[in-house]
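Listed here are the chains, written in short residue letters.
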Amino acid sequence: LSLLISLTMLDLSFNEIKEIEHVQPLTNLTELYFANNKITSMQGLHTLTNLTTLELGSNRLREIGDLDTLSSLRHLWLGRNKL
């Protein structure tokens, strides 16, 4: 993924992903979808300052965090987690 630096949208939903990793170099992303995985932490998003849409619904999140640097974020979906 690190070579896809021009990518603006990435959908990794329904992949049984447990951690948000390998997306940090993709700083041009504006949309990121991680729905229906097994993610337990929101760590690993801090470099994605251009994100406007983040979908983390239907994961295993227990708290909201690591969003301070996402100043462009406009749409955040966290439904079906254990928050």
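Relevant structure appears above.
Residues numbered from 1 in each chain as written. Predicted model: local features only at pLDDT ≥ 70, side-chain atom pairs only at ≥ 80, totals over all residues. Heavy atoms only, no water.

Draft legend 1. Summary view of the overall build of the chain. Helix and strand content of the chain: 0 helices and 4 strands. Ordered by position from N to C terminus, the α and β elements of the chain give β-β-β-β. Here the C-alpha radius of gyration of the chain, 12 Å, is about what a compact globule of 83 residues would show, namely 12 Å. On the principal axes, the C-alpha backbone points of the chain span a range of 35 × 25 × 15 Å. With 83 residues in all, the chain has 37% of them scored as buried. Taking as baseline every contact in the chain between residues at least 6 positions apart, the subset at least 24 positions apart corresponds to 11%. (Helix = DSSP H or I, 4+ residues; strand = E, 2+ residues; numbered from the N terminus. Rg over C-alpha atoms; globule rule 2.2 N^0.38 Å. Buried < 20%, exposed > 50% of the residue type's maximum accessible area, 1.4 Å probe, protein only. Contact = heavy atoms within 4.5 Å.)

Draft legend 2. Structural detail: the environment of threonine 30. Along the polypeptide, threonine 30 turns up in the loop between strand S1 (9–11) and strand S2 (31–33). For threonine 30, a relative accessible area of 26% translates into the label partly exposed. Residues threonine 30 and threonine 8 lie 22 residues apart in sequence; the distance between their C-alpha atoms is 5.2 Å. The contacts of threonine 30, once residues within four sequence positions are left out, are Thr8, Asn50, Leu51, Thr52 and Thr53.

Draft legend 3. Layout of the environment of glutamate 63. The residue glutamate 63 is located in the loop between strand S3 (53–55) and strand S4 (75–77) in this model. Overall, glutamate 63 belongs to the exposed group, its relative accessible area being 61%. For glutamate 63 and alanine 35, which are 28 residues apart along the polypeptide, the C-alpha to C-alpha distance reads 16 Å. Discounting chain neighbours no more than four positions away, the residues touching glutamate 63 are Met42 and Leu83.

Draft legend 4. A look at the pattern of salt bridges. A complete count under the given rule lists 1 salt bridge for this structure. As a salt-bridge pair, glutamate 16 and lysine 38 come within 3.6 Å of each other at their nearest N and O atoms. With glutamate 16 in the loop between S1 and S2 and lysine 38 in the loop between S2 and S3, the pair connects residues that are 22 residues apart, well separated along the chain. The exposure class of glutamate 16 is exposed, given its relative accessible area of 57%. (Salt bridge = Lys/Arg side-chain N within 4 Å of Asp/Glu carboxyl O.)

Draft legend 5. Local environment of a positive patch on the surface. A cluster of basic side chains, namely Lys18, Arg60, Arg62 and Lys82, defines a positive patch on the protein surface. For lysine 18, the position within the fold is in the loop between S1 and S2. (Patch = residues over 30% accessible without salt bridge, like charges linked within 9 Å, V, L, I, M, F, W, Y side chains within 5 Å. Areas by Shrake-Rupley, 256 points an atom, 1.4 Å probe, with all protein chains shown as cover. Lys, Arg positive; Asp, Glu negative; His and termini not counted. Charge placed at Lys NZ, Arg CZ, Asp CG, Glu CD.)

Draft legend 6. Main features of the side chain of asparagine 81. Inspection of the secondary structure puts asparagine 81 in the segment after S4. In terms of polar contacts, asparagine 81 uses its side chain to reach the backbone carbonyl oxygen of leucine 56, at 3.0 Å. Of note is the side chain of asparagine 81, whose polar atom sits 3.4 Å from the backbone nitrogen of arginine 60. Filtering out sequence-adjacent residues up to four positions away, asparagine 81 remains in contact with Leu56, Gly57, Ser58, Asn59, Arg60 and Leu61. (Polar contact = N/O pair within 3.5 Å; in protein donor to acceptor, adjacent residues only side chain to side chain.)

Purely geometric stuff here, so don't read any function into it on its own.
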